[in-house]
Amino acid sequence: MTGYVTLIAVAGSLILGAAAVARPPRRLAHLTFAAGMLAFGLEAVASYGLLFHSESVAAHTAWLLAFSAMGHVLPIPWAVFAFAAARRVHAAIPRPWQVSFVAGAA
């Protein structure tokens, strides 16, 4: 049963992300929402692999590393989405914010 719930979470995340960018206009908020939902989907795939496809120690370590990596990457698109959703549509992104987003992603 847990496996189905995880796969439904993957499908739901990908569908919501695709719906966000399916119709124009594709603004920064739409793109970062889609990236965040893709990250949620990839994290769910990693948890599915960790739960159901890690028979050996090496496989368990690989799935755990993928899950951990997605946990570190996940806040980046959501932070940009929160910033983009809170500003005016055509407002420029201040240079210090651009630098902080790039530094945070790195």
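So, here is what we can say about the structure in this document. (Residues numbered from 1 in each chain as written. Predicted model: local features only at pLDDT ≥ 70, side-chain atom pairs only at ≥ 80, totals over all residues. Heavy atoms only, no water.)

Focus on the overall build of the protein chain
Right, so step 1: Each helix and strand in the protein chain was counted, giving five helices and zero strands.
Right, so step 2: Order of helices (α) and strands (β) in the protein chain, N terminus to C terminus: α-α-α-α-α.
Right, so step 3: For the protein chain, the C-alpha radius of gyration of 16 Å lies well beyond 13 Å, the compact-globule estimate for 106 residues.
Right, so step 4: If one aligns the C-alpha atoms of the protein chain with their principal axes, the spans along those axes are about 50 × 30 × 15 Å.
Right, so step 5: Out of the 106 residues belonging to the protein chain, those deemed buried represent 25%.
Right, so step 6: Summed over its atoms, the accessible surface of the protein chain is roughly 7,000 Å², and 74% of this surface lies on carbon and sulfur atoms. (Helix = DSSP H or I, 4+ residues; strand = E, 2+ residues; numbered from the N terminus. Rg over C-alpha atoms; globule rule 2.2 N^0.38 Å. Buried < 20%, exposed > 50% of the residue type's maximum accessible area, 1.4 Å probe, protein only. Areas by Shrake-Rupley, 256 points an atom, 1.4 Å probe, with all protein chains shown as cover.)

A closer look at helix α4 (residues 75-86)
Right, so step 1: With twelve residues, α4 ought to run about 16 Å at 1.5 Å a step, and its terminal C-alpha atoms sit 16 Å apart, in line with that.
Right, so step 2: Regarding α4, the residues found buried are P77, V80, F83 and A84. The buried residues of α4 occupy an angular sector of 125° when the element is viewed end-on, so they sit on one face.
Right, so step 3: Contacts from the buried residues of α4 go to α2 (28-52), α3 (57-73) and α5 (95-105). (Expected span 1.5 Å × (residues − 1). Arc of directions from axis to C-beta. Contact = heavy atoms within 4.5 Å.)

Regarding the packing of aromatic side chains
Right, so step 1: Under the definition given, this model contains six aromatic pairs.
Right, so step 2: Seen from their ring centres, Y48 and F52 are 5.1 Å apart, and the 45° between their planes marks the pair as tilted. On the criterion of helical spacing, the pair formed by Y48 and F52 is a turn pair, its members being four residues apart in helix α2.
Right, so step 3: A relative accessible area of 22% means that Y48 is categorised as partly exposed.
Right, so step 4: Using a relative accessible area of 36% as the deciding quantity, one classes F52 as partly exposed.
Right, so step 5: Seen from their ring centres, F83 and W97 are 4.7 Å apart, and the 25° between their planes marks the pair as stacked. Here F83, found in helix α4, pairs with W97, found in helix α5; they are 14 residues apart in sequence, far enough to count as distant.
Right, so step 6: In this structure an aromatic cluster arises from ring pairing among F33, F40, W78 and F81. (Phe/Tyr/Trp six-rings, centres within 6.5 Å; stacked < 30°, edge-to-face > 60°.)

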